[in-house]
Amino acid sequence: MQKKQKKEKKADLATSRCHVNEFAPISLMTHSTDGNFLSLWGSLVSAFIGATSFDARGTSGVKVYVVYNPNAVKKAAGALRWTLNSQVEVIVSMDIPSSTVNDSKVRISYYGQKENAPIEGAWLYLTCVSKYCKNNRLNTLETRNLGSKWELVCTKWTWGPEGQGAVLLVNCDRDSPGAKDMDSAYQYVQSYAGTHREQTSALDLEDMSLMILRTQGPSAIFADYKLVLHISVADVNKVRVFHASGDGSLAQYKHVLGSDKRSYVVDRSSGQEEDTFYVEGLAFPDADFSGLVSFHVTLLENAPDTPIFTDTVVFRVAPWIMTPNTLQPLEVFVCSNPNGDFLEAMRALVRKANCKLTVCPEVENRRDRWIQDEMEFGYVEAPHKMFPVVFDSPRDRGLRDFAFRRILGPDFGYVTRVPPHGHVSSLDSFGNLDVSPPVTVQGKTYPLGRILIGSSLPRSDGRRMTKAVRDFLYAQKVQPPVELYSDWLSVGHVDEFLSFVPASDRKGFRLLLASPDACYKLFKEKQREGHGKAAQFAGLENVQTITIDEMLADKTLRSDSEYVQSCIDWNRHTLKEELGLTEQDIIDIPQLFMLNGSRADAFFPDLVNMIVLGKHLGIPKPFGPIVDGRCCLEEKVRSLLEPLGLVCIFINDFFSYHTLLGEIHCGTNVLRKPFSFKWWNMIL
């Protein structure tokens, strides 16, 4: 620092902290009280020989504060003068943008040991520029949207009802009728000339999040300084940003960030105070992506580029959310197959449930009837927009193109995950994917439930769902997965031994578990009542029947069922622990299994492998022993479920699905109404 005296010295461009005297310095800081305004022009002056104290006063609109360490500095009488000391700090703030360059200032007056009048003085010239980003994430329970322009400054992202931070959707639908891919595949806003342009453009923009950059202050500043909007290398391929100019049908949307564009200089030459940007997500959270994306706005001094100040706004990409059986059904999907009776039964069931039925014709399903295995429905949500998203499994059999070609469309998104080397097993089919209703476990609430994945036993070398899919599911965070043991089954899917049905009491649902023990208990009861000769599979053509007496005497069937029961009990314990369930929350559904080699298949149509459409249940018809003119298995299931207000409708799927190692749930899929709970309100 210079030691010679100067009457006045105009400040150079601001540093955030400036020493006034190299031997007994004070510090001076410039900032704004609300965090929105950036105070510039801040390097100050040298102290003067003989000076022992100082005072600091600002012009109108400038606030001057003195902060000191009371253990090292004695407060001056009347607080007018302060000792020159490194423990004394002067803080200068402004809350109103400057109208011209250097229109505000702070005068520092220096005093000698015995002088009452200042021996020297110096000026700190200030220019205050307001610079902040606004966006459409909320921090209250009230929904915010583009139309009402509720916007916040968000420098961090936090969960919970009082949280803050912006929400971003992956633009994974296809709003343009002629497009061949998802909207996120194109580096421009989807629009068409003529009468469709405004409508289509608006649809695409609605899937994006609004971000506003507002700068207030003298435009003359930007002759020597520039504003740069930028993102990190890690985020550059996760988002895309469009800069809007013009209005109405003449609006233009310039791609300025993302897809390898890391920075953008915002033109301030026109004196425009506000810039509108639209942000679209390109990637869902995953193993290598937390879902958080930060945008930075930096003020740079030209030639050379020197950063003066940086502001940040944080977005979180909305997770993919799966819907449980307890939510309202909207549309049922089923494949056309040679068995017309099954399809007609499904039509009747869907009519009773008052929802839509979509049939995938044979020319499209290419003899692949397992539509549950091919895809899973979920949704994404931001405060301003929600739309369903189909998750396409990596199994890729006859139905491999159905989700992309027929379901992806306007406001209906698409996502998939493919193993790096293309290897998949039966456990990668989405019959092996389920989600519980909302649960509370040891005081921790999961308001969107928990995803259930079938897997192998811990530390075993059995089949597991591919890592690419499991990583994706875990990364969504809002439905923390639970891995169950399903590798004991030939097909290996969780829907072969469990299902959830709605209930008006307790937790709002019941967990149904397949139970060989319950089946043997029922058959022994019927045997004691004198119905041992009643036969399983009666009424089915070309299927060998077996009586209750014969089933109870079959040691192999008994041994197989005992093994299966032990596997289900393993899962029962896990489900009780991970979902916070008690025995009163579980209903045992009678079911027998037999081993096929080392793995099990259902002995008769698998009763828990059902479709749940509100209170209407489409259950595989078991063709159980007839007692007093009724199937005793059907009667038992009715006695367990009808007291809950549920309607049991048994559908014959024996030859269309059961003999092919599947049932009704495997051959159907359901789009459901999303949760009313907003995922960003979760406490993680």
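Bear in mind that the values here come from a model prediction, so they are computed numbers and not experimental data. (Residues numbered from 1 in each chain as written. Predicted model: local features only at pLDDT ≥ 70, side-chain atom pairs only at ≥ 80, totals over all residues. Heavy atoms only, no water.)

Participant: Explanation requested: unusual backbone geometry in the structure shown.
Facilitator: The general pattern is negative phi for most residues beyond glycine and trans for most peptide bonds. One non-glycine residue, F537, lies in the positive phi region at around 75°. In this fold, F537 is placed in the loop between β32 (535-536) and β33 (546-547). Its identity is not glycine, yet F623 carries a phi of approximately 50°, on the positive side. (Helix = DSSP H or I, 4+ residues; strand = E, 2+ residues; numbered from the N terminus.)

Participant: Just to check I follow, could you spell out the UniProt feature "active site" (unreviewed entry) in the protein chain for this structure?
Facilitator: UniProt's feature table lists "active site" (unreviewed entry) at D373, H493, D495 and C666, given in the numbering used throughout. A compact arrangement is adopted by the annotated residues: their sequence extent is 294 residues, whereas the largest C-alpha distance between any two is 10.4 Å. The topology assignment puts H493 in the loop between β29 (482-485) and β30 (498-502). If sequence neighbours within four positions are ignored, H493 has contacts with D373, S426, S429, G431, N432 and S486. A polar contact is formed between the side chain of H493 and the side chain of D373, at a distance of 3.5 Å. Within the element layout of this structure, D495 appears in the loop between β29 and β30. Among all residues touching D495, those that are not within four sequence positions of it are Q372, G431, V608, N609, H665 and C666. (UniProt positions renumbered as here; feature names shortened; annotations may be inferred. Contact = heavy atoms within 4.5 Å. Polar contact = N/O pair within 3.5 Å; in protein donor to acceptor, adjacent residues only side chain to side chain.)

Participant: What exactly am I supposed to notice about the packing of helix α7 (residues 516-528) against helix α9 (residues 555-579) here?
Facilitator: The packing of two helices is summarised by the inter-axis angle and the distance between the axes. α9 packs onto α7 with a crossing angle of 135° between their chain directions and a minimal axis gap of 8 Å. With respect to their mutual orientation, α7 and α9 come out oblique. Facing α7, whose interface residues are P516, D517, Y520 and K524, α9 presents L557, R558, S561, V564, Q565 and I568. The residue inventory of the contact of α7 with α9, partitioned by class, reads 5 nonpolar, 2 polar and 3 charged. (Axes fitted to C-alpha atoms, helices over the stretch in contact; angles between N-to-C directions. Parallel < 35°, antiparallel > 145°, perpendicular 65-115°, else oblique. Nonpolar A, V, L, I, M, F, W, Y, C, P; charged D, E, K, R; others polar.)

Participant: How do you make sense of the pattern of salt bridges when you look at a structure like this?
Facilitator: Two side chains bearing opposite charge may form a pair once their charged atoms approach each other closely. On inspection of all chains with the given rule, the structure shows 33 salt bridges. Where E344 meets R347, a salt bridge forms, and the shortest distance between an N and an O atom there is 3.3 Å. Pair noted here: E344 and R347 are both in helix α2 (residues 340-353), with a separation of 3 residues, about one helical turn. Judged by relative accessible area, which is 31%, R347 ranks as partly exposed. In this structure, the salt-bridge partner of E374 is R395, at a minimum N-O distance of 2.9 Å. Residue E374 is located in helix α4 (residues 371-374), and its partner R395 is located in the loop between β23 (385-392) and α5 (402-407); the two are separated by 21 residues in the primary sequence. (Salt bridge = Lys/Arg side-chain N within 4 Å of Asp/Glu carboxyl O. Buried < 20%, exposed > 50% of the residue type's maximum accessible area, 1.4 Å probe, protein only.)

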